[in-house]
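Chain by chain, the residues run as shown.
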Amino acid sequence: MSATALVQTAALGKRAVVRTARQPANVVFPLVFPMLLLAVNAGGLKAETRLPGFPTNSFLAFALAVPFVQGALIATINANVEFARDIQTGFLNRLALTPVRGIVLLVGQLGGLLTIAVAQAIFYLAVGVAFGVHLQSGFGGAVMLLLLEACIALAFASLGSWAALRTGSTEAVQGLFPVFFVFLFLSSMNIPRNLIQADWFRWVATVNPVSYLIEAVRALVITGWDWQTIGLGFAVAGGLSIFGFALATHALWNRLERT
Amino acid sequence: MEASRENSIEAHGLVREFKKGPRAVDGIDLRVDPGEIYGFLGPNGAGKSTTVHMLTTLLPPTAGTATVAGYDVVTEGPKVRKAIGAALQEAALDPFLTGREHLRLQTTMHGITGEERRERSDELLTRVGLTEAADRKVKGYSGGMKRRLDLALALVHRPRILFLDEPTTGLDVQSRTALWVEVGRLAKEEGVTVFLTTQYLEEADVLADRVGIIDHGRIVAEGTPEKLKAEIACSTVEAVPADPDQRGAVVSVLERFGEQTTGYGPGSIAVQLTSPNGNLAEIVRALDAGGVVLSQLQIHEPTLDDVFLAKTGRHLEGSGGDEEEDVEQELEPARA
Amino acid sequence: MTDAISVARGVSWRVLHTFFTNKAFLLPSVAFPLFFFTAFVGGLSRITQVPGFDFPAGYTAFQFVFVLLQSAAFAGVFTGFGIARDFESGFMRRLMLAAPNRSGILLGYVFSALIRWATVAAVVTIVALLAQMKIGGNGVDLFGLYALALLLNLAGTLWATGVAMRLRTQQAAPVMQMPVFLLLFFAPVYVPLNLLQGWIHGVASVNPITALLEAGRGFISGSPELALAAFAIGVGLIVGFGAWAVRGLRRAEAAG
Ligand SMILES: Nc1ncnc2c1ncn2[C@@H]1O[C@H](COP(=O)(O)OP(=O)(O)O)[C@@H](O)[C@H]1O
Ligand SMILES: [Mg+2]
């Protein structure tokens, strides 16, 4: 990427961040809602730690992985609703008339979203630590966690931008929220997969990629450097990112039918 | 020759079909000379925006060719984009960014940086009269301010050709006039070629050196406003009988002087005169002899609307098509 | 009074017509409770093996009661959303102008919420039965369970209506939704009260929803406990939020 392209990408990313920062609802909701759900589940499901074979004594530590995935989801929806709005209002057309390369438009958008997701993740981590969660993988693990968060956000973000570019409709992107939500709830979000009693649910959670994202984050918190689980998380996030990015690039190409 | 090609627009047999829908643009030929303001006049849905999108490389034509600034819009897209500036129909601004931030983003996208960027932004903000509002979010801008910012954004890279798609639709009279002045200045002083679409005949009349009238994707008339009106040549007389029952009598008298056309309002009768210098005195005498009483009698000089009427059989404004926009147009000045 | 009834009939007809003919409204109302039901029962049934988890009817029945109450409360909240929408569209102003008895407007919304919930409850019940939920209680017990849920439905509707009448914008949705969501989840959702520990135990012990939930679970397993207390709490909520809603209506009238 040339220096100009980098500057342009940074400018577009910055715009995405500024735009979010100036809408209080889009700042507060992704910070507060996952924490609320964490509080509810950490309290209500604490008894689970008494099940034989449960991996930790602290359900809060166990459940802390969820906000990282959930926060990335919410950030994805918000940012891509904005992206779809750019298409609807013609803002994207305005940018398309400049000499900027199409891919820069997409990368800038994704970069802004990544920044937001990582900032949120730092907040979740701080809250977790403040309430007594001890990261088994130590400080290096926290850094790794943020890196993983960036990959997870990239995976969702590129799928989200694909939807935005493909449909150009804010409602359609908003409609993704329940879909993501279903993936989240039918995962190992609330219980380790080996403790799921219902066969069908265990099967669904096993084929659900979200389980592996959560488990990788969780490993860094409650287990330590479990390379296999962490690696699997990165692999799933990376695979989804590549898949989503390919789709998004294709959709961008169709959308900017410019000659 | 080379210099003239550089700033001109040419299209031959330009067509655009959408999958679902009509031929939005149905074979357009046009030529805009350097430094000229070309007014593309037509009602809503005529195909103006589609034409602009094709000429600005945002939409590939289904058939036909076009060159802008001497470059082919299909094969030389990037070169065309470098030469042109465009303010599209939707003033596509981000409500959460300030005017200055918009300029910053736009200049960056054009590869203008550092000191030059600051100077250019300040200069443009001054020129469109937004210096004071520059650091306010666009959310709080009026329609006129948004349009002016839009124009400034289109100008950051000093384009030689400027496309403006309905730049004044929905604006109040003052904002509209201010924009006309600025566009006129760009063409006269800086030699920028302007391709401007509009639904308002007055705008085309005042601003454009040459006008193309488009309807259903085809150009139905083209020329200087004077030439177009001269083609129609004849004035229209409009009369409103004081007593609606006398309508028939008025029509029969007036029809001796010309052919009845669509009226200007309810209860009014309009006749396009057949002789060039409408002899009002004779008409008044004839009406008097017919014993009819009028509450109103007017001579209308030919306008671009008459040209449109003559070519399509419909009026340009208030002809159904898009009521809402017309309402807005009437309300705006009242609010200002 | 007959005025109020006919106004109520008109209002509820309109709300229900929208609800049943528009899948954007109907689908989420039915899908969400079903989804929670499936996710909780499927994912968490192992939790019954925690020492001290003694609920004879099994985890499906345990969660069924929660989902039934949740759907009841949320049918009310969604009705509040509809009222806010009606304010924004100007429809409410038209209603206020036309209705000879404005309490009838309130009554109409309440009635529509009830029908909405009944629809959802029927679907959830059928699904639970298909999932072979064990039922220990007899007919009277089950009647008690649905009656409790009905009280919560009324209370939820009156709460959301009161908010909608005061704020009159769809932006108020979180204000209607969040407290209900928190109240529902700061209760013994996944395990019985005696298995909750720490702060959540404290909160759940004073949460009125806990009483309804525990009584409901008592009904379905056939050993009702503290049922009268639960009914008293339900009626209390209705009286409280009823006053809140009526005062809200007056505020809306005053605001014009
Ligand atoms: N993307 C599109 N898909 C289908 N039809 C379109 C599309 N864009 C424009 N049209 C149709 O093409 C015609 C011309 O539209 P447009 O160029 O926007 O007109 P104008 O700008 O003169 O109001 C209209 O009938 C419009 O409905
Ligand atoms: Mg248009």
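Residues numbered from 1 in each chain as written. Chains lettered and ligands numbered in written order. Predicted model: local features only at pLDDT ≥ 70, side-chain atom pairs only at ≥ 80, totals over all residues. Heavy atoms only, no water.

1. Brief notes about the overall build of chain A
Inference 1: When you go through chain A residue by residue, the secondary structure sums to 12 helices and 0 strands.
Inference 2: Along chain A, helices and strands appear, N-terminal first, in the series α-α-α-α-α-α-α-α-α-α-α-α.
Inference 3: The C-alpha radius of gyration of chain A comes to 19 Å, within 12% of the 18 Å expected for a compact globule of 259 residues.
Inference 4: Along the first, second and third principal axes, the C-alpha set of chain A runs to 65 × 35 × 35 Å.
Inference 5: The buried share among the 259 residues of chain A stands at 59%.
Inference 6: Computed over 15 positive and 9 negative side-chain charges, the separation of the two mean positions in chain A equals 8 Å. (Helix = DSSP H or I, 4+ residues; strand = E, 2+ residues; numbered from the N terminus. Rg over C-alpha atoms; globule rule 2.2 N^0.38 Å. Buried < 20%, exposed > 50% of the residue type's maximum accessible area, 1.4 Å probe, protein only. Lys, Arg positive; Asp, Glu negative; His and termini not counted. Charge placed at Lys NZ, Arg CZ, Asp CG, Glu CD.)

2. A short note on the environment of L186 of chain A
Inference 1: Mapped onto the secondary structure, L186 of chain A falls in the loop between α9 (176–185) and α10 (199–207).
Inference 2: For L186 of chain A and N41 of chain A, which are 145 residues apart along the polypeptide, the C-alpha to C-alpha distance reads 15 Å.
Inference 3: What L186 of chain A contacts, discounting residues up to four positions off in sequence, is F201, V204, A205 and N208 of chain A together with F35 and A39 of chain C. (Contact = heavy atoms within 4.5 Å.)

3. Comments concerning the sheet that holds strand β13 (residues 269–273) of chain B
Residues and elements named next belong to chain B.
Inference 1: Read from one edge to the other, the open sheet built from 4 strands follows the order β12-β13-β11-β14, with strand pairing classed as antiparallel. Each edge of the open sheet carries a strand with a single partner, namely β12 (258–261) and β14 (294–300). Here the average twist between neighbouring strands, direction ignored, is 25 degrees. (Pairing = 2+ DSSP bridges. Axes fitted to C-alpha atoms, helices over the stretch in contact; angles between N-to-C directions.)

4. A short note on the confidence of the model for chain C
Inference 1: With 99% of its residues at a pLDDT of at least 70, chain C reaches an overall mean of 91.
Inference 2: Here the predicted complex scores 0.83 on pTM and 0.86 on ipTM. (pLDDT = per-residue confidence, 0-100.)

5. Describing the side chain of K48 of chain B
Inference 1: Turning to its location among the elements, K48 of chain B is positioned in helix α2 (residues 48–55).
Inference 2: In this view, K48 of chain B contacts F40, L41, G42, P43, E166, T197, T198, Q199 and I214 of chain B; residues no more than four positions away in its chain are not counted.

6. Brief notes about the sheet that holds strand β6 (residues 84–87) of chain B
Residue and element names in this part refer to chain B.
Inference 1: Read across the sheet, 6 strands follow the order β6-β7-β8-β3-β9-β10 without closing on themselves; strand pairing throughout is mixed. Both outer strands of the open sheet, β6 and β10 (218–223), are each paired with one neighbouring strand and no more. For this sheet, the mean angle separating the axes of adjacent strands, direction not counted, is 15 degrees.
Inference 2: Relative to strand β8 (residues 193–198), strand β7 (residues 161–165) runs parallel, the two sharing 5 bridges. Bridging across to β8, F163 finds its partner in F195.
Inference 3: Docked against the sheet, α2 engages β3 (37–41), β7, β8 and β9 (210–215), running at close to 150 degrees with respect to β8.
Inference 4: Contacts from helix α7 (residues 173–190) reach β3, β7 and β8, with the element oriented near 140 degrees to β3.

7. Considering the packing of aromatic side chains
Residue and element names in this part refer to chain C.
Inference 1: Under the definition given, this model contains 38 aromatic pairs over all chains.
Inference 2: Ring centres 6.3 Å apart and planes at 55 degrees place the aromatic pair F36 and F185 in the tilted group. Note that F36 is positioned in helix α2 (residues 23–44) and F185 in helix α7 (residues 173–185), a separation of 149 residues in sequence.
Inference 3: Measuring from ring centre to ring centre gives 5.7 Å for W159 and W244, while their planes differ by 15 degrees; the resulting arrangement is stacked. With W159 in helix α6 (residues 139–167) and W244 in helix α10 (residues 227–255), this pair connects stretches of sequence that are 85 residues apart. (Phe/Tyr/Trp six-rings, centres within 6.5 Å; stacked < 30°, edge-to-face > 60°.)

8. A word on the site of ligand 1
Residues and elements named next belong to chain B.
Inference 1: Close contacts around ligand 1 come from F18, K20, P22, A24, P43, N44, G45, A46, G47, K48, S49 and T50, and that covers them all.
Inference 2: Here an oxygen atom of ligand 1 sits 3.1 Å away from a polar atom, N or O, in the main chain of A46.
Inference 3: Within the backbone of K48, one N or O atom sits 2.8 Å away from an oxygen atom of ligand 1.
Inference 4: About the coverage of ligand 1: the protein hides 63% of its 560 Å² of free accessible area. (Near = heavy atom within 4 Å. Polar contact = N/O pair within 3.5 Å; in protein donor to acceptor, adjacent residues only side chain to side chain. Areas by Shrake-Rupley, 256 points an atom, 1.4 Å probe, with all protein chains shown as cover.)

9. Quick word on the coordination of the magnesium ion (ligand 2)
All names here are of chain B.
Inference 1: Here the magnesium ion (ligand 2) is held by S49 (OG) and Q89 (OE1), and the distances to it run 2.0 to 2.1 Å. Placement of S49 in helix α2 and of Q89 in the loop between β6 and α4 (99–109) is noted, with a sequence separation of 40 residues between them.
Inference 2: The partly exposed category is assigned to Q89, whose relative accessible area is 29%. (Donors = N, O, S within 2.8 Å, 3.2 Å for Na, K, Ca; no water.)

10. Things to note about the interface of chain B and chain A
Inference 1: Chain B puts 33 residues into the contact, and the matching count from chain A is 25 residues.
Inference 2: In total, chain B and chain A occlude about 2600 Å² of area from one another, counting both sides; carbon and sulfur atoms represent 61% of this.
Inference 3: For the chain B face of the interface with chain A, the top three residues by lost area are R81, F96 and M109 of chain B, together amounting to 27%.
Inference 4: Connecting chain B to chain A are 4 salt bridges.
Inference 5: A salt bridge links R15 of chain A to D94 of chain B, with the shortest nitrogen-to-oxygen separation between them at 2.7 Å.
Inference 6: For the pair chain B and chain A, the interface holds 8 residue pairs in polar contact (both at pLDDT 80 or more).
Inference 7: For the side of chain B that touches chain A, the secondary structure elements donating two or more residues are α3 (77–83), β6, α4 and α6 (143–155) of chain B. (Buried area = accessible area lost by both parts, 1.4 Å probe. Salt bridge = Lys/Arg side-chain N within 4 Å of Asp/Glu carboxyl O.)

11. Considerations on the confidence of the model for chain A
Note that predicted coordinates carrying low pLDDT should not be read in detail.
Inference 1: Mean pLDDT over chain A stands at 94; residues scoring 70 or higher make up 99%.
Inference 2: Considering each helix and strand of chain A separately, the mean pLDDT is smallest for helix α8 (residues 170–174) of chain A, with a value of 88, and largest for helix α11 (residues 209–223) of chain A, with 97.

12. Let's talk about the interface of chain A and chain C
Inference 1: Contacts between the two partners involve 27 residues from chain A, matched on the other side by 27 residues from chain C.
Inference 2: Counting each side, the surface lost to burial between chain A and chain C is near 2500 Å², with a carbon and sulfur contribution of 74%.
Inference 3: Considering only the side of chain A, the residues that lose the most area to chain C are V40, R50 and Q197 of chain A, jointly responsible for 24% of the buried surface there.
Inference 4: Our count for the chain A to chain C interface comes out at 0 salt bridges.
Inference 5: Seen at the junction of chain A and chain C, the total is 5 residue pairs in polar contact (both at pLDDT 80 or more).
Inference 6: If you tally residues by element for the side of chain A that touches chain C, the top one is helix α2 (residues 24–44) of chain A, at 8 residues.
Inference 7: Among the residues forming the side of chain A that touches chain C, the class breakdown is 18 nonpolar, 6 polar and 3 charged. (Nonpolar A, V, L, I, M, F, W, Y, C, P; charged D, E, K, R; others polar.)

13. A look at the layout of surface pockets
Residues and elements named next belong to chain A.
Inference 1: Roughly 490 Å³ of internal volume is contained in the second largest pocket.
Inference 2: What lines the second largest pocket is a set of 22 residues, and nearest its centre among them are I87, N254, R255, L256 and E257.
Inference 3: Taken together, the elements giving at least two residues each to the lining of the second largest pocket come down to α4 (65–89), α5 (91–96), α7 (138–167) and α12 (227–255). (1 Å grid on protein atoms, 1.4 Å probe; cavity = no way out; pocket = protein on both sides within 12 Å on 5 of 7 lines; lining within 4 Å. Points joined across faces, edges and corners; volume = space filled by probe spheres on them.)

14. Observations regarding a nonpolar patch on the surface
Residue and element names in this part refer to chain B.
Inference 1: Taken together, the side chains of L280, V284, L297 and I299 make up a nonpolar region of the molecular surface, amounting to roughly 260 Å² of accessible area.
Inference 2: Listed by contribution, the elements that provide at least two residues to the nonpolar patch are α11 (280–289) and β14.
Inference 3: Residue L297 is classed as partly exposed on the basis of its relative accessible area of 31%. (Patch = residues over 30% accessible without salt bridge, like charges linked within 9 Å, V, L, I, M, F, W, Y side chains within 5 Å.)

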